[in-house]
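# Residue-level structure breakdown
Below, each chain spelled out in residue letters.
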Amino acid sequence: MTRSSISRYLTLLTGLVLAHTQTRAQQFNSDSWLSKPWGTVTLIPTIGQRNTMIMNTYSLFPKWEFTMAAYLYNNDHNHSSNDGYSTSIYLKYMFYENKSQTGGAAIKAGTGMFPGTLNAELRVEDAFKTFWMNTPVTIPFFKNTLSWDLMPGGCYTHNYGDDNISGWTFTYSTRLAWYPIGPETSLVGEVFGSTGKTGAIPEYKIGVRWEPSPYSVFALTYGQEFSSNLGAGFEFGVMLFSPPFACFGCNPAKNKTAFRQ
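Residues numbered from 1 in each chain as written. Predicted model: local features only at pLDDT ≥ 70, side-chain atom pairs only at ≥ 80, totals over all residues. Heavy atoms only, no water.

### Observations concerning the nonpolar core
Among the nonpolar cores identified, the biggest contains 14 residues, and Met55, Tyr71, Phe114, Trp132 and Met239 are the most heavily contacted of them. Taken together, the elements giving at least two residues each to this core come down to β2 (51-58), β3 (64-73) and β14 (233-241). When residues of this core are assigned to their parent elements, the largest contribution, 3 residues, is made by β3. With residues up to four places along the chain from it excluded, the contact list for Trp132 reads Ser88, Tyr90, Lys108, Ala109, Gly110, Thr111, Gly112, Met113, Gly154 and Cys155. Among the nonpolar cores identified, the runner-up in size contains 5 residues, and Ala177, Tyr179, Val188 and Ala219 belong to it. (Core = buried A, V, L, I, M, F, W, Y, C linked by side-chain atoms within 4.5 Å. Buried < 20%, exposed > 50% of the residue type's maximum accessible area, 1.4 Å probe, protein only. Helix = DSSP H or I, 4+ residues; strand = E, 2+ residues; numbered from the N terminus. Contact = heavy atoms within 4.5 Å.)

Rendered as structure tokens:
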């Protein structure tokens, strides 16, 4: 990686980390219904062969999350250079949760797409040029040993690229998590992509997720495109959750809502 590219990446990374200290999905494209407890701050760094990313999520209001993310691309998996970066900003609102708190539904909307859901020629610096919305739904099965996430959505890209592309795209993502030995360890597989004017080649991702405590989740995954070898490759990601303290109008000492991954 050249000195100038390292400098640009460190500047981008440092800016987001500072935003975290002053004031989520991990490497999976699919998301669940869940919004973290009121006042929780989540930091999600991921290192991978194609994508290096960092996310910061803030649960400032009940059932709401605000997320900022940055992605650095290496399409050829060569970390001596990079192929640009993009950012994403979005909101999430959990509008339904079942009585056992093991499934539900939410709605998300924002700007800037997750890697793999937008044409590779358009995804660099697409924030405020691509706007999107989707609906994560989680359905538990077999006494919660299986958890199925569905996330249909759509996006609009406005006057982007050399050809000033504008158009609608349907986005889709589904993820299945199997907990064979208990709630701490799961085998996860997902498929995601998009179809339309700015659509991307569908991708899959498989891996292992370990949830050792209410404050951390670790995941190791391998991903690839279905019709080429330009997928995500190997990725290692971490989710770190703070105790509930960053909120408007709440009393952190009384906010005892349990964490649920």
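### Regarding the environment of Thr46
Tracing the backbone through its elements, the reader meets Thr46 in strand β1 (residues 41-48). Using a relative accessible area of 1% as the deciding quantity, one classes Thr46 as buried. Counting along the chain gives 190 residues from Thr46 to Phe236, while the straight-line C-alpha distance between them is 5.7 Å.

### Brief notes about unusual backbone geometry
With glycine set apart, most residues show a phi of negative sign, and most peptide bonds adopt trans. Located in the positive-phi region is Gln101, a residue other than glycine, with phi close to 60°. For Gln101, the location among the structural elements is in the loop between β4 (85-97) and β5 (104-111). Overall, the relative accessible area of 39% leaves Gln101 in the partly exposed class. Positive phi outside glycine occurs at Asn144, with the angle close to 70°. Within the secondary structure, Asn144 sits in the loop between β7 (137-141) and β8 (146-150).

### Concerning the side chain of Glu203
Position of Glu203 relative to the elements: it lies in strand β12 (residues 200-213). Side chain to side chain, Glu203 and Arg50 meet in a polar contact 2.9 Å long. (Polar contact = N/O pair within 3.5 Å; in protein donor to acceptor, adjacent residues only side chain to side chain.)

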